[in-house]
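Each chain, letter by letter, is given below.
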Amino acid sequence: TITKKYSFELVVKNKFLVQTVKEKEIADYYNTNKNNYLISAEDKFVKALVLNYAGENEIAKALVAVELRKDAYSGISFENICRKNPDLVICRQMKYYELPDWIKDRIHELKDGELSDVISIENQFVIFQVQLKKPKYKKYEDVFNEIKQILLSKKALQNNELQAWLKEIRKEAEEIR
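Cut-offs applied
- Residues numbered from 1 in each chain as written.
- Predicted model: local features only at pLDDT ≥ 70, side-chain atom pairs only at ≥ 80, totals over all residues.
- Heavy atoms only, no water.
- Helix = DSSP H or I, 4+ residues; strand = E, 2+ residues; numbered from the N terminus.
- Expected span 1.5 Å × (residues − 1).
- Buried < 20%, exposed > 50% of the residue type's maximum accessible area, 1.4 Å probe, protein only.
- Arc of directions from axis to C-beta.
- Contact = heavy atoms within 4.5 Å.
- Pairing = 2+ DSSP bridges.

Novice: Residue-level account of helix H3 (residues 58-73), with values.
Specialist: For H3, with 16 residues, the first-to-last C-alpha span of 22 Å sits near the 22 Å given by 1.5 Å per residue. Listing the buried residues of H3 in full gives Lys61, Ala65, Leu68 and Ala72. In an axial view of H3, the angular spread of the buried residues amounts to 60 degrees, which keeps them on one side of the axis. The outward face of H3, more than 90 degrees from its buried face, is lined by the exposed residues Ile59, Leu63 and Tyr73. Here the buried face of H3 lies against strand E2 (43-52), helix H4 (78-84) and strand E5 (124-133).

Novice: Report on the pairing of E5, specifying residues and quantitative values.
Specialist: Counting buried positions along E5 yields 7 of 10 residues, so the element is predominantly enclosed. Examined bridge by bridge, strand E4 (residues 119-120) and E5 share 2 bridges and lie antiparallel to one another. In the strand pairing of E5, Ser120 is matched with Phe125. The turn linking E4 back onto E5 is made up of 3 residues, and Glu122 within it adopts a positive phi angle of 40 degrees.

What follows is the structure in structure tokens.
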């Protein structure tokens, strides 16, 4: 029976009291708790091509705005359109939440990279393009050791609790004898 007691304790120590953490445990912890390692959250931006007009040239500028939208739709970036037409077009970028509600209502269904129709706003024709900035996280490699220490600490705490429980059981077993 003494042999059984010591072999039971040996199995418990080998199985539960070992202070190691497997890489899969670290990877699982990182993926489960990724938001703890967030550097910058997801954000929604809007680029705008702005074409000013006055009453007398409104129709001509509307036609130009339609052509500019076709250029953007064909894949030419807003920046290149502005570089190519510096006296004609202004490029702007703003956060989506900063836009007036009525503009948000007009463009809220646009997906990342999609273009709005030409919108007339106070003597300006504007084309919007929605851009999503994905969240950024600390690299797994950069937090590997930190996570390993967290998991080792948790295991140490569990081991202390288990040791206390084993001590209690040993004491009860001795009292029964």
